Each structure stands twice: as C-alpha cells, then as structure tokens.
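Descriptive structure summary
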Amino acid sequence: MDLSYTPEEQAFREEVQHFLDEKLPKEMSDAVREGRSLGKEGHERWHAILNEQGWLAPNWPREFGGCEWNAVQRHIFEEECCRAHAPRIVPFGLTMLAPVLQKFGSKEQQDYYLPKILSGEHWWCQGYSEPGAGSDLASLKTKAVRDGDHYIVNGQKTWTTLGQHANWIFCLVRTDPDAKQQEGISFLLIDMDTPGIEVRPIILLDGTHEVNEVWFTDVKVPVENLVGEENKGWTYAKYLLTHERTNIAGVGFSQAGLDAVKRLARVQMHKGRPLIENPYFAARMAQAEIDLMAMSTTNLRIISAAASGQAPGVESSMLKVKGTEIRQEINDMARRAAGVYAMPFASEAVEGGNEPPVGPEGTAAVAAQYFNNRKLSIFGGSNEIQKNIIAKVKMGGRA
Ligand SMILES: Cc1cc2nc3c(=O)[nH]c(=O)nc-3n(C[C@H](O)[C@H](O)[C@H](O)COP(=O)(O)OP(=O)(O)OC[C@H]3O[C@@H](n4cnc5c(N)ncnc54)[C@H](O)[C@@H]3O)c2cc1C
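Residues numbered from 1 in each chain as written. Predicted model: local features only at pLDDT ≥ 70, side-chain atom pairs only at ≥ 80, totals over all residues. Heavy atoms only, no water.

1. Quick look at the nonpolar core
In this structure, Phe170, Phe187, Leu189 and Ile190 are the most contacted members of the largest nonpolar core, which totals 71 residues. Apart from residues no more than four positions distant in its own chain, Phe170 is found in contact with Phe92, Met96, Leu97, Trp124, Cys125, Gln126, Gly127, Tyr128, Phe187, Leu188, Leu189 and Leu240. Ala265, Phe281, Met285 and Leu292 belong to the second-largest nonpolar core, a separate cluster that totals 22 residues. (Core = buried A, V, L, I, M, F, W, Y, C linked by side-chain atoms within 4.5 Å. Buried < 20%, exposed > 50% of the residue type's maximum accessible area, 1.4 Å probe, protein only. Contact = heavy atoms within 4.5 Å.)

2. Considerations on the environment of Tyr370
Within the secondary structure, Tyr370 is located in helix α12 (residues 366-372). With sequence-adjacent residues up to four places away left out, Tyr370 is seen in contact with Asn331, Asp332 and Arg335. (Helix = DSSP H or I, 4+ residues; strand = E, 2+ residues; numbered from the N terminus.)

3. Details of empty space enclosed by the protein
All chains considered together, the criterion is met by one cavity of 30 Å³ or more. Here the largest cavity defines a volume of roughly 210 Å³. Considering the residues around the largest cavity, the lining is formed by 15 residues, among which His47, Val90, Gly120, His122 and Trp123 are closest to the centre. Listed by contribution, the elements that provide at least two residues to the lining of the largest cavity are α3 (39-53) and α5 (91-104). Among the elements that line the lining of the largest cavity, the one with the most residues is α3, at four residues. (1 Å grid on protein atoms, 1.4 Å probe; cavity = no way out; pocket = protein on both sides within 12 Å on 5 of 7 lines; lining within 4 Å. Points joined across faces, edges and corners; volume = space filled by probe spheres on them.)

4. Here we look at the site of the ligand
Taken together, 18 residues sit near the ligand, with Ser135, Trp159, Thr161, Ser382 and Glu384 positioned nearest. Here a nitrogen atom of the ligand sits 2.7 Å away from a polar atom, N or O, in the side chain of Ser129. Out of a free accessible area of 970 Å², the ligand has 66% covered by protein chains. The element contributing the most residues to the shell around the ligand is helix α13 (residues 383-394), with three residues. Taken together, the residues of the shell around the ligand sort by class into seven nonpolar, nine polar and two charged. (Near = heavy atom within 4 Å. Polar contact = N/O pair within 3.5 Å; in protein donor to acceptor, adjacent residues only side chain to side chain. Areas by Shrake-Rupley, 256 points an atom, 1.4 Å probe, with all protein chains shown as cover. Nonpolar A, V, L, I, M, F, W, Y, C, P; charged D, E, K, R; others polar.)

5. Quick look at the pairing of strand β5 (residues 185-191)
With six of seven residues buried, β5 is to be regarded as a mostly interior element. Where β5 meets strand β8 (residues 226-227), two bridges bridge the pair, whose relative direction is antiparallel. Counterpart to Leu188 in the pairing with β8 is Leu226. (Pairing = 2+ DSSP bridges.)

6. Structural notes on unusual backbone geometry
Phi at Trp159 takes a positive value of approximately 60 degrees, unusual for a residue other than glycine. Relative to the assigned elements, Trp159 resides in the loop between β3 (150-157) and β4 (168-174). The backbone phi angle of Leu162 is positive, close to 55 degrees, even though this residue is not glycine. Within the fold, Leu162 resides in the loop between β3 and β4.

7. Quick notes on the packing of α5 against helix α6 (residues 107-119)
At a minimum axis separation of 10 Å, α5 and α6 run at an interaxial angle of 165 degrees. Considered as vectors, α5 and α6 are oriented roughly antiparallel to each other. Here the hand of the crossing between α5 and α6 comes out left-handed. Residue-level contacts link Gly93, Leu94, Leu97, Ala98, Leu101 and Gln102 of α5 to Gln109, Gln110, Tyr113, Leu114, Ile117 and Leu118 of α6. Counted by class, the contact of α5 with α6 contains eight nonpolar, four polar and no charged residues. (Axes fitted to C-alpha atoms, helices over the stretch in contact; angles between N-to-C directions. Parallel < 35°, antiparallel > 145°, perpendicular 65-115°, else oblique. Left-handed = near helix turned anticlockwise from the far one by under 90°.)

8. Notes on the packing of aromatic side chains
Aromatic rings in a pair are described by how distant their centres are and how their planes are angled relative to each other. One pass over the full model with this rule turns up 17 aromatic pairs. Ring geometry for Phe170 versus Phe187: centroids 5.8 Å apart, planes at 5 degrees, classification stacked. Here the residue Phe170 occupies a position in strand β4, and Phe187 occupies one in strand β5, the gap between them amounting to 17 residues. Judged by relative accessible area, which is 0%, Phe170 ranks as buried. With relative accessibility at 0%, the residue Phe187 sits in the buried group. Site record: aromatic cluster; members linked through ring pairs are Tyr112, Tyr113, Trp124, Tyr128, Trp168, Phe170 and Phe187. Over the ring of Tyr5 we find Arg13; its NZ or CZ atom is 4.9 Å from the centre of that ring. A cation over a ring is seen here: Arg335 above Tyr370, with NZ or CZ 5.3 Å from the ring centre. (Phe/Tyr/Trp six-rings, centres within 6.5 Å; stacked < 30°, edge-to-face > 60°. Lys NZ or Arg CZ within 6 Å of the ring centre and 35° of its normal.)

9. Points about the side chain of Arg327
Secondary-structure assignment places Arg327 in helix α10 (residues 314-338). Lacking a salt bridge, the buried Arg327 has Glu78 as its closest oppositely charged neighbour, with an N-O distance of 7.7 Å. Dropping the residues within four chain positions of it, Arg327 is found in contact with Arg88, Ile248, Ala249, Gly250, Phe253, Ser254 and Leu376. (Lys, Arg positive; Asp, Glu negative; His and termini not counted. Salt bridge = Lys/Arg side-chain N within 4 Å of Asp/Glu carboxyl O.)

10. Thoughts on the side chain of Ser29
Relative to the elements of secondary structure, Ser29 occurs in helix α2 (residues 26-33). Accessibility expressed as a relative area gives 11% for Ser29, which makes it buried. If near-sequence neighbours (up to four positions away) are discounted, Ser29 is found in contact with Leu24, Ala84 and His85.

What follows is the structure, encoded as structure tokens:
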C-alpha cells in the first residue's frame, strides 16, 4: 500500500498550513496548547473564522454548503489543525445532527436548520441520555404526547454537554408508550427558549461546568420539528451515533498529545537523566505511537469507505474503543511525565487564574485533562457497550 501523499495532497496541506498561520489567533492556539478553556465566545469566534473560509463542514456535501473533502483531505486538515493547536469544533450541530438532517430531514428542515448551523446562529446540544437510560438508551422515559399541531414534552435529560450555551436541543422522546422499546421513540428538534425548559449544571471531576441536566415541563413543540417519521427515531439516533463515535477517535488530538508528552519528557528529569531516556517510559511512548499509527490507518480506511457512500458501521465502535484507550494512555503518560506538577488540583489553570502556573509548559492542566478525559470511554456509548456491539456483529450474534 502506498502511504505517501500525492503532489496535490501536499499542496492542500500547505494551503491548510498557510491558512492556520494567517487566521488562527495566537491567544487561541496558546489556550488550546496549555489546556485552558476557550469559553463560548472563543468557540464561536473560531467557528466564524472557519465558516468565512468555507472550511467549517469538511464532511458535508457541497449542495448543503460543505467542503465535500475526500478522506485524505479531511485527515490532513485534522492533522494540521491539531498540530497548530486549533480549537476543536463543537460537534453537536455540525457532525452529529447535520448528517441526520441531510439523510432523513425534510427539505424544509434542511433549508431552515443547516444554514443556521453553519452561521453559528443555532448552537445545538444532544438530548439522548436520561437517569436510568444511558447504556440502555432505549428505556428512555421523556415523553411527547401529540396535541393538535404540537407535541407536549415532559421528562428529564442528563449529561447534556454544553447545554448551558445551546439554544437548540435534539431529543429522543417516547411517542408510543405501548410499542416495543425501540419502536416507540421519535427524534424531535426543540428550541431551548421554549417555556418549560430548565437547564441545571452538573460540576465534573475536574471542577468544570461542562454538562447539565435539562428538564422539560409541558414544553410545546410544533409537529414540524419531528425528524422523519413518528416512532422511527431509533433508526436516526443510531445513524447519528455512528458519526459521533467515529469523531471521538481523535487521531489528531492524540498526535498533538503525544508530541506534548515527548516535549515534557525531554525536560523532566528522572534519577538525574531526562525522563525520555528512561527505558520503561520510552517503551510506553513507543507503544502508544505504534498503536496510534495503526489506528490512524484504520481511521483513513473507514472515512474513505464513508466517503464512497457506506455509512460507518461497527468500525466506528472499533475506532471509538481504540481511539479513547490511546487518548487516555497519553493523558496518563502526561500525568506521569509532569510528576509533582500534576499533583495540585488546578482547575483554575484550565479557566485561567491570576497567577502564572508552576512547572514546565503544559503541566498546569495535565491533572485536569486526565480527570476530564475519563469521560472519553463513557460518552458516545461506553467502551464496554462498544465491545458488545463488535462481538455481536463480528461473531454472528453470539455475544
Ligand atoms: C462527560 C459526559 C458528557 C456526556 N454528554 C452527553 C450529551 O451531551 N448528551 C447525551 O445524551 N449524553 C451524554 N453523556 C451520557 C453518556 O452517553 C452516558 O453516560 C453513557 O451512555 C453511559 O450511560 P450511564 O452513564 O447511564 O452509565 P450506565 O449505563 O449506568 O453504565 C454504568 C457502567 O456499566 C457498564 N454497562 C452497562 N451496561 C452494560 C452491558 N450491557 N454490558 C457491559 N457493561 C455494561 C457501562 O459500560 C458502565 O461502565 C455524557 C456523559 C459524560 C460522562
């Protein structure tokens, strides 16, 4: 297999590098490199910069305003963005909901919602999980009852990431309580400004406010906000999840994370010598690098298949498991390399405190990132659940 890049691909890489040199604000890349939070405004600013360039939606078809880049272009773009410490684009509208609307939404929904995702007017969040309905998502209880040309929604969602910033939420709701679990679910688009919605913060292990509970009390949702057919929401929900899982793999993030660990291991000392010369630590880094190279190739294979029209299937579960294991291993190596500087529980370092952080560059946020990324093997469907899916599909239903 020839893994070298063509002259056209090389030229594309240079174009991306040039764009990032010119348009990525330095204070933004500094914040990302140091693991500091960007806040809502920071995310909106980077979203707008990419949109102006026309590069916000690499995976969307051109007819909807996307780049329609091929797998290699998308890989190059992600690699360069991570190398330059560009912020991650908030995925809920762009890479989760949009593919669902493009495949299952009505023409009116596509015309109304997709441009607002690109412009940033709509900030979406994901209303799937509920207390008691995480891994067993199909047991969700939030219900929507048809009343004329509206649904009346009652219930509670939880773990809603960045719901405090969102003005729209896509929700799985139960529309037929008598049907078999998966068959009575619908996919609704809900304006967060509708009366009866309350967002309550949940503070995470790393001290940050990233997730929320969202409560619905007699919330009136127009029937035209239903995606596809009533009671067929499970099909759309699963389609969305395959996109979510493929994106969680985060090859570029791991590459940037591994580079940061190497930088740190060169300056941190162990028994009088740089940590990078410690055989045990060097072997750990080498293993992570080998795993990452193998996953990167698998990732290319999968996005290439997706580009030729095949929806990512069980492969997205494989990527999710391996990708998150690698990311957590890199976080753990960073924690180990930071040594005593990883000991303070410095959530202020993530939010940007008054004092300069102690320790070599990149150590201040190491502990917070380590704690925060425990989530990677939980959300998007826990890794145990992904292993069940892989076993079931690959072993012919014997799981
Ligand atoms: C930081 C964070 C952000 C999130 N963001 C969102 C969001 O924006 N929107 C949203 O809808 N959801 C979100 N989630 C929810 C996430 O999808 C769920 O947490 C996840 O699906 C697991 O569900 P649960 O927490 O209810 O755990 P449970 O389902 O109760 O699982 C508990 C443990 O049991 C294991 N387990 C459960 N069933 C099985 C089984 N059959 N076989 C083997 N092991 C099993 C699980 O792997 C896990 O280790 C987020 C979660 C986190 C932590």
